[in-house]
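Here is how the chains run, residue by residue.
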Amino acid sequence: EEKLKTSYKPKLKNYVRLHASQKEDKQLEQSMNALGRARKQLEILMVYLKLSGYMQGKPTEVSQADLLKATNSSTSILKSLQEKEILEVYSKQIDRLLEEEKTVVSEKELNEQQTRALAEIKTLFASLPTVLLHGVTSSGKTEVYIHLMKQTIAQGKQVLYLLPEIALTTQIITRLQKVFGNQVGVYHSKFSDSERVELWQSMLNNPKRYPVILGVRSSVFLPFQDLGLIIVDEEHENTYKQFHPAPRYNARDASMVLAQLHGAKVLLGSATPSIESYFNAKTNKYGLVEMTERYKNIQLPEILIADLREARRKKQMKSLFSPLLMNSIETALNNKEQVILFQNRRGFAPYVECHTCNWVPKCEHCDVSLTYHKHSNNLVCHYCGYATEMPKRCGACNNVNLHTQGFGTERIEDEISIFFPEIRTARMDLDTTRSKKSYQRIISEFENKQVDILIGTQMVSKGLDFDNVSLVGIMNADNMLNYPDFRAFERSFQLMTQVSGRAGRKNKQGKVIIQTSDKQNKIIRKVITNDFYGVFLSQLNERKAFKYPPYYRLIKLTLKNKKSATLDLAADELVLMLRKYFGNRILGPEAPGINRIQNWYQKNILIKIETNKSHIKAKALLMNQIDTLRTDPRFKSTLVLIDVDPM
């Protein structure tokens, strides 16, 4: 038996009105006379009559909260008036999404490049359902989106504007509301369940109210009535992929299925498109439109390399900062300009180590080292949330010689406050953006120049537009480049290019400093020359040689069990069954880098299937073997998770 229950409760607000017995002036006058000695009750009644416009014959609703505030009274006095049947209180459902009326301004005039791009997109939409807009950072893609959205709404259709991060909605919603006013509905996980329920119901019952929906990946499941256009901004972002829990879907790909259901069009936009999307555009599966110049011909930033190996050898490093970066920060601050420092790791330090015996504190439930967070003086597991106090002694040799290794955003913030004690800093990572309003607060403070240096993870790398940023520092490019993943070079190029695009966007050429120990790295060289096409070609050759997307589809099977021996046996058994049908397309089983999470041991099996083979047949064969494994009583406690096109 299964029961469904709803936790949604409508939001109610109390209002005050005259009791039905007080409708005639004569009765009201008698009631006022009767209240002669009850001065506070009489005051409430008189203020109510004033606020409600009773005397002027222009009745308006008066809320209980406003009436009590205006008279500085308590509910008990109001209750006395209710008992005397002079006033009555009634409840009314109010809309959680209701906001003050926005001032609407007309959209900006498009320049020549934007006008050409808009015309090309519309021409390609006549024959293709999907178009990729490849425009360098700050080329004005958002204005092209706005003009296209306006034309879609004029046809009476809805628009879905997808963003990869909640942080981006803060800035984009301000821009969209200037053009579309209260026609923009926003949907993401920082809203409460009740707010999301009301948006859902509004779209079902009154689809014309929000012709524009701005949201993150889960927005593809909203009940659209007449969808005309889907814009997937920063389409390359891996945050469009839902990893855990199921369903494991990619919102970019799901948006194309959604568009097909509605007969709508999809516009993918990015300064650094994914290899797969650009390949689809080059092979004419998608249309391709390119914008190669920045808006108002603003120059792309000057990108400089800070050689960490050389600086350490000469003992020139100031903590985490090379001389080049430190001098550039000082220059920018002296010129009253702002700085962004990027490090794709949160916390103070990735791990703590004993210098005597090399002991490293690990999570009790996961096979991973604990990250040190200085503000709480805790060691925290970023996989299961386990936390413990920072130990004073080594857990193995009892020595006090414990040191933090590596650095995250929290440590950068700490070091900046030592070097520049007068400077105002802000940190933007998962630890500082847990509340609904936190993104908005940090971004607006930085926009209003209340913050001089913004330190952040990949949240600061994409789509944000700040006028006064003259310097971007990439603190450590090596930990991105050396990540064990076939997409590491592609992602590194995207991240470094995107975060570089935050520099010098309005008034003058910005500066980007990349700190690295490998200054000859080919990807860093491509970032300096902004050579996306060169990265695309080199990655295609590697992908073809080693059988990766876009030439092959990947399916990752993750087997989990709380007993390591049972897991090994199940994984070996499944691989033997699969190899009968898939042959050498099967890789593994292999233990991942972190092979135990929340006390579950894990093993991965990777399947590479050619794009020209039948995926329906592959799915049927795969599910048959997995079902066979699941029915084996030895493996009933083994979980098998399937991830198609893992990111």
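See the structure above.
This is a predicted model, so every value here is computed, not measured. (Residues numbered from 1 in each chain as written. Predicted model: local features only at pLDDT ≥ 70, side-chain atom pairs only at ≥ 80, totals over all residues. Heavy atoms only, no water.)

Visitor: Help me understand the sheet that holds strand β12 (residues 338-342) in this model?
Guide: Picture the strands of a sheet paired through backbone hydrogen bonds; they go either parallel or antiparallel. If you trace the 6 strands from one edge of the open sheet to the other, you get β11-β21-β20-β12-β19-β18, paired in parallel fashion. Every other strand in the sheet has two partners, leaving β11 (302-307) and β18 (425-428) as the edge strands with one partner each. Pairwise comparison of adjacent strand axes, ignoring direction, gives a mean angle of 20° for this sheet. Sheet analysis places β11 next to strand β21 (residues 511-516), joined by 6 bridges and oriented parallel. Looking across to β21, one finds that D307 is bridged to T516. Along the sheet face, helix α12 (residues 323-334) touches β11, β12, β19 (453-456), β20 (469-474) and β21 and points at about 160° away from the line of β20. Helix α17 (residues 522-529) rests against β11 and β21 of the sheet, and its axis sits at about 150° to β11. (Pairing = 2+ DSSP bridges. Helix = DSSP H or I, 4+ residues; strand = E, 2+ residues; numbered from the N terminus. Axes fitted to C-alpha atoms, helices over the stretch in contact; angles between N-to-C directions. Contact = heavy atoms within 4.5 Å.)

Visitor: Honestly, empty space enclosed by the protein in this entry has me stumped. Any pointers?
Guide: Any empty space left between atoms is shown by rolling a water-sized probe over those atoms. Evaluated as defined, the whole model comprises 1 cavity of 30 Å³ or more. As for the largest cavity, its lining consists of H236, R252, S274, E276, R487, E490, R491, Q494 and M647. If you tally residues by element for the lining of the largest cavity, the top one is helix α16 (residues 488-500), at 3 residues. Its residues assigned to classes, the lining of the largest cavity comprises 1 nonpolar, 3 polar and 5 charged. (1 Å grid on protein atoms, 1.4 Å probe; cavity = no way out; pocket = protein on both sides within 12 Å on 5 of 7 lines; lining within 4 Å. Points joined across faces, edges and corners; volume = space filled by probe spheres on them. Nonpolar A, V, L, I, M, F, W, Y, C, P; charged D, E, K, R; others polar.)

Visitor: Is there a simple way to explain the packing of helix α5 (residues 112-125) against helix α6 (residues 141-154) in this structure?
Guide: Helix packing geometry: the angle between the two helix axes and the distance between the axes. At a closest axis distance of 10 Å, the pairing of α5 and α6 adopts a crossing angle of 50°. Comparing their axes, α6 and α5 come out oblique. Relative to α6, α5 is oriented so that their crossing is right-handed. Contacts from Q114, L118, I121, K122 and F125 of α5 reach α6 at E143, V144, H147, L148 and Q151. Residue composition of the contact of α5 with α6, grouped by class: 5 nonpolar, 3 polar and 2 charged. (Parallel < 35°, antiparallel > 145°, perpendicular 65-115°, else oblique. Left-handed = near helix turned anticlockwise from the far one by under 90°.)

Visitor: I would appreciate a short explanation of the sheet that holds strand β14 (residues 371-373) in the present structure.
Guide: The strand order β14-β15-β16 describes an open sheet built from 3 strands, whose pairing is antiparallel. Edge positions in the sheet fall to β14 and β16 (387-389), since each of these pairs with one other strand and no more. Across this sheet, the average inter-strand angle for adjacent strands is 30°, counted without regard to direction.

Visitor: How do you make sense of the packing of aromatic side chains when you look at a structure like this?
Guide: All told, the structure shown has 13 aromatic pairs when counted by the stated rule. Relative to Y551, the ring of F279 lies with its centre 5.4 Å away and its plane at 65°, an arrangement referred to as edge-to-face. Highlighted residues: F279 in helix α10 (residues 275-282) and Y551 in the loop between α18 (532-545) and β22 (552-561), separated in sequence by 272 residues. Owing to a relative accessible area of 18%, F279 belongs among the buried residues under this scheme. Every member of this aromatic cluster is reached through a ring pair, and the members are Y278, F493, F532, Y533 and F536. One cation-aromatic arrangement involves R17 over Y90; the distance from NZ or CZ to the ring centre is 4.1 Å. Between the NZ or CZ atom of K608 and the centre of the ring of Y548, over which it lies, the distance is 3.9 Å. (Phe/Tyr/Trp six-rings, centres within 6.5 Å; stacked < 30°, edge-to-face > 60°. Buried < 20%, exposed > 50% of the residue type's maximum accessible area, 1.4 Å probe, protein only. Lys NZ or Arg CZ within 6 Å of the ring centre and 35° of its normal.)

Visitor: Could you clarify how one ought to interpret the nonpolar core in this entry?
Guide: Side chains that are nonpolar tend, in soluble globular proteins, to be buried together. Counting residues in each nonpolar core, the largest one holds 64 residues, and the members touching the most others are L160, I230, I474, M496 and I514. Contact partners of M496, with chain neighbours within four places excluded, come to I474, A477, M480, L481, I514, I523, I524 and V527. Counting 31 residues, the second-largest nonpolar core is a separate cluster that includes L118, M149, I153 and I173. (Core = buried A, V, L, I, M, F, W, Y, C linked by side-chain atoms within 4.5 Å.)

Visitor: Would you mind going over unusual backbone geometry with me for this structure?
Guide: Most peptide bonds are trans, and most residues other than glycine sit at a negative phi. Residue P549 is joined to P550 through a cis peptide bond whose omega torsion reads 10°. Following the sequence through the fold, P550 ends up in the loop between α18 and β22. The phi angle at K336 is positive, at roughly 60°, despite the residue not being glycine. Tracing the backbone shows K336 in the loop between α12 and β12. Even without glycine at this site, N599 takes up a positive phi of about 70°. Along the chain, the position of N599 falls in the loop between β24 (596-597) and β25 (600-610).

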